[in-house]
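# A look at the structure
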Amino acid sequence: GDDRVYCVGLYPQTGWTTNSANTIATHTIDGKQDLMFAPQKSGSLLQKLEQQTYSHLLSWLRFTVRATDPESATDWGQVTSIQLVNAKGNLSITLGTGAVAYSAPTGNIEVLDASLNLTVAIQDIGSSLCLPSATGYKLKIITDKGTEKILDINGNFEAGKLYLVNLYFNSLDDINAVC
């Protein structure tokens, strides 16, 4: 006969959990792993499966930092931590319909892998893959001088898009974010 076969695509291959009926797949958002999905296709012996098209499900933020002048670099000291506040969570996909749901945020994502000495040259500090946000993010910045600063990055951060976030450290405890 012409029995149908149904296929969805999940990336990566590991880390997904499903509900008992195998209709919803869930994955943790950890800030480093990209998550992608290809909607359900069907086929049979007589009708081959069509090619799958994957979509990125997270927002990708790339970060650079620089001091606006040598005095600012001295004022701030070494940057020991830059975190995206409330950017971790889970996403769930209803496999038959392709509907994607994001959990409430569950934690911060560390953007900076190692302590950083600010310079007037632009330094690429890495990137994060995180929950999309219609309102923006908060960055928590900590230095070795005990300074802790919360910085708002406003905007609509959509899934499947890359955003460049340039942080400019000024003197007088001021940071500008250009996205």
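None of these values were measured; they are calculated from a predicted model.

Moving on to the overall build of the protein. Summing up its helical and strand segments, the protein has one helix and 15 strands in all. At 21 Å, the protein has a C-alpha radius of gyration far larger than the 16 Å of a compact globule built from 179 residues. In terms of principal-axis extent, the alpha carbons of the protein reach across some 75 × 30 × 25 Å. Counting across all 179 residues of the protein, residues that qualify as buried make up 36%. Partitioning the contacts of the protein with sequence separation of at least 6, the portion at a separation of at least 24 is 67%. Carbon and sulfur atoms make up 51% of the accessible area of the protein, which amounts to about 9600 Å² in all. Averaged over its 12 positive side-chain charges, the protein has a centre that lies 5 Å from the centre of its 17 negative ones.

Attention shifts here to the side chain of serine 133. Summarising the element assignment, serine 133 is placed in the loop between β11 (123-130) and β12 (136-143). Within the structure, the side chain of serine 133 is placed 3.3 Å from the backbone nitrogen of threonine 135, a separation counted as a polar contact. Ignoring sequence-local partners within four residues, the contact set of serine 133 consists of Ser59, Gly155, Asn156 and Phe157.

One finds Leu61, Ile82, Leu84, Leu118, Leu167 and Phe169 to be the most contacted residues of the largest nonpolar core, which totals 28 residues. Looking at this core, the elements that each hand over two or more residues are β6 (59-67), α1 (70-76), β7 (78-94), β11, β12, β13 (148-154) and β14 (162-170). Look past the residues within four positions of leucine 167 in its chain and what remains in contact with it is Thr64, Val65, Arg66, Ile82, Leu139, Ile141, Leu151, Ile175, Asn176 and Ala177. One finds Leu35, Phe37, Leu91 and Leu131 within the second-largest nonpolar core, a separate group that totals twelve residues.

The next subject is the sheet that holds β14. Two strands in a sheet stick together by hydrogen bonds in their backbones, pointing the same way (parallel) or opposite ways (antiparallel). Read from one edge of the open sheet, four strands run β11-β6-β14-β15, paired in mixed fashion. Each edge of the open sheet is held by one strand with a lone partner, namely β11 and β15 (174-178). Recorded for the sheet is a direction-independent mean angle of 20 degrees between the axes of neighbouring strands.

Our focus in this paragraph is the packing of aromatic side chains. In total, this model carries three aromatic pairs according to the counting rule given. Centroid distance phenylalanine 157 to tyrosine 163: 4.8 Å. Interplanar angle 65 degrees. Geometry classified as edge-to-face. By the burial criterion, phenylalanine 157 is buried, and tyrosine 163 matches it. Clustering of aromatic rings is evident, with ring pairs tying together Tyr137, Phe157 and Tyr163.

Another aspect to go through is the confidence of the model for the protein. For the protein, the average pLDDT comes to 92, and 98% of its residues sit at 70 or higher. Here β15 is the element of the protein with the lowest mean pLDDT, 78, and strand β3 (residues 24-29) is the one with the highest, 97.

What follows concerns the pairing of β7. Relative to β7, β3 is paired through six bridges, and the arrangement is antiparallel. Looking at the pairing, histidine 27 lines up with leucine 91 of β7. Bridge count for β7 against strand β10 (residues 116-117) is two bridges, and the pairing is antiparallel. Its bridge partner being in β10, glutamine 78 is matched across the sheet by asparagine 117.

Looking now at the environment of isoleucine 24. With respect to the helices, strands and loops of the structure, isoleucine 24 is situated in strand β3. Residues isoleucine 24 and proline 132, 108 residues apart in the sequence, show an inter-C-alpha distance of 20 Å. Look past the residues within four positions of isoleucine 24 in its chain and what remains in contact with it is Thr17, Thr18, Asn19, Ser92, Ile93, Thr94 and Leu95.

The rules we used
- Residues numbered from 1 in each chain as written.
- Predicted model: local features only at pLDDT ≥ 70, side-chain atom pairs only at ≥ 80, totals over all residues.
- Heavy atoms only, no water.
- Helix = DSSP H or I, 4+ residues; strand = E, 2+ residues; numbered from the N terminus.
- Rg over C-alpha atoms; globule rule 2.2 N^0.38 Å.
- Buried < 20%, exposed > 50% of the residue type's maximum accessible area, 1.4 Å probe, protein only.
- Contact = heavy atoms within 4.5 Å.
- Areas by Shrake-Rupley, 256 points an atom, 1.4 Å probe, with all protein chains shown as cover.
- Lys, Arg positive; Asp, Glu negative; His and termini not counted.
- Charge placed at Lys NZ, Arg CZ, Asp CG, Glu CD.
- Polar contact = N/O pair within 3.5 Å; in protein donor to acceptor, adjacent residues only side chain to side chain.
- Core = buried A, V, L, I, M, F, W, Y, C linked by side-chain atoms within 4.5 Å.
- Pairing = 2+ DSSP bridges.
- Axes fitted to C-alpha atoms, helices over the stretch in contact; angles between N-to-C directions.
- Phe/Tyr/Trp six-rings, centres within 6.5 Å; stacked < 30°, edge-to-face > 60°.
- pLDDT = per-residue confidence, 0-100.

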